[in-house]
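One letter stands for each residue in the lines below.
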Amino acid sequence: MSDGAGAADGAGGAQAGRDRVRRRLAGSGRVLVLTGAGVSAESGIPTFRGEDGWWKQEDPTKLATQAAFDRDPSHVWEWYEYRRGLVAEAEPNPAHRALASLERSGPEVLVATQNVDDLHERAGSQAVTHIHGSIFRVRCQGCGREREDRRHPLPERPPRCDACGGLERPAVVWFGEMLPPSPIRRTGQFIDGGVDVALVIGTEASFGYIQGFARAARRAGALLVEVNPSHTVLSGVVDVRLAGPAGEILPTLFER
Ligand code: OAD
């Protein structure tokens, strides 16, 4: 670690950190972007653990579980309908748009997001993988069929599968569940191909696999950069820490 935490503190250090990232990005062929709830915060979607986090009003460990769904699927769906409404009304913010413009400007970019919203795609990012699934997809518990459903509100709560009549659930990762293999494989393969810059944006990085991706990208040659107003478990590991809102910082990094 060279100009890690130091780059976050004080205007001079922050500027030096930004310059270092901009220089590396200018010659970058491959950029890994790991995002979390913080990248959508400026779109009005509360983070999970922030002060206005909706998970404080609704206990996620009770709601986002298979056990809660088995007990009361209608109640769990009611909560997801609230969240689907928030996402549907939200617009991509300057952070999402800056990442999309980075991808358009030349380097091979993979956005691996923990977010179940679709704001990266709506901003124009093409290479996006959702590690925790998508809030606009549903999966039948009976036959396993998965489909997109953007209707809000849903005509039937809980929704049922057209094919087998089984109960459908949100196709997102709940607590205690396995991760979908495809996004994990895709992110791992991207890292294996070499990474010049890895940006970790708006996430607590509380899950071991997120920390693992960040560390693996650094081992693969990446300058590891954190963009977050607060410190996280990765703050001591990164090469550059840029302290502040992603919507303010990212647009200043990607002007080519
Ligand atoms: P958290 O809510 O845990 O963390 C949000 C992070 O965003 C914090 O580190 C904030 O400091 C930061 N943040 C807030 N506003 C920001 C801004 N404007 N710009 C940049 N950063 C900002 O969200 P995640 O780390 O994404 O999992 O949480 C990961 C997972 O926890 C979720 O995907 C969910 C939950 O358990 C599942 O559903 C499986």
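One can find the structure itself at the top, above this paragraph.
Attention in this report is confined to the structure presented alongside it. (Residues numbered from 1 in each chain as written. Predicted model: local features only at pLDDT ≥ 70, side-chain atom pairs only at ≥ 80, totals over all residues. Heavy atoms only, no water.)

For the rest of this paragraph, the subject is the pattern of salt bridges. The final tally for this structure, using the stated rule, is 14 salt bridges. The salt bridge partner of Arg-157 is Glu-78, with a shortest N-O separation of 4.0 Å. Of this pair, Arg-157 sits in the loop between strand 5 (146-148) and strand 6 (168-172) while Glu-78 sits in helix 5 (residues 73-89); the two residues are 79 residues apart in sequence, bridging distant segments of the chain. Under the relative-accessibility criterion, Glu-78 is labelled partly exposed at 42%. Between Arg-151 and Asp-149 there is a salt bridge, and its shortest N-O distance comes to 2.7 Å. Of the residues examined, Arg-151 reaches a relative accessible area of 43% and is grouped as partly exposed. Each of Asp-118, Arg-122, Glu-148 and Arg-150 takes part in one network of salt bridges that share partners. (Salt bridge = Lys/Arg side-chain N within 4 Å of Asp/Glu carboxyl O. Helix = DSSP H or I, 4+ residues; strand = E, 2+ residues; numbered from the N terminus. Buried < 20%, exposed > 50% of the residue type's maximum accessible area, 1.4 Å probe, protein only.)

Bringing unusual backbone geometry into the picture now. Omega for the bond connecting His-152 with Pro-153 falls within 30 degrees of zero, at 0 degrees, which places this linkage in the cis form. In this structure, Pro-153 sits in the loop between strand 5 and strand 6. A cis amide bond links Arg-157 to the next residue, Pro-158, at an omega of -5 degrees. Residue Ala-205 is not a glycine yet carries a positive backbone phi of 55 degrees. Summarising the element assignment, Ala-205 is placed in the loop between strand 7 (197-201) and helix 9 (208-219). Classification of Ala-205 by relative accessible area gives buried; the value is 0%.

Interpretation note: all reported values are geometric properties and have no functional meaning in isolation.
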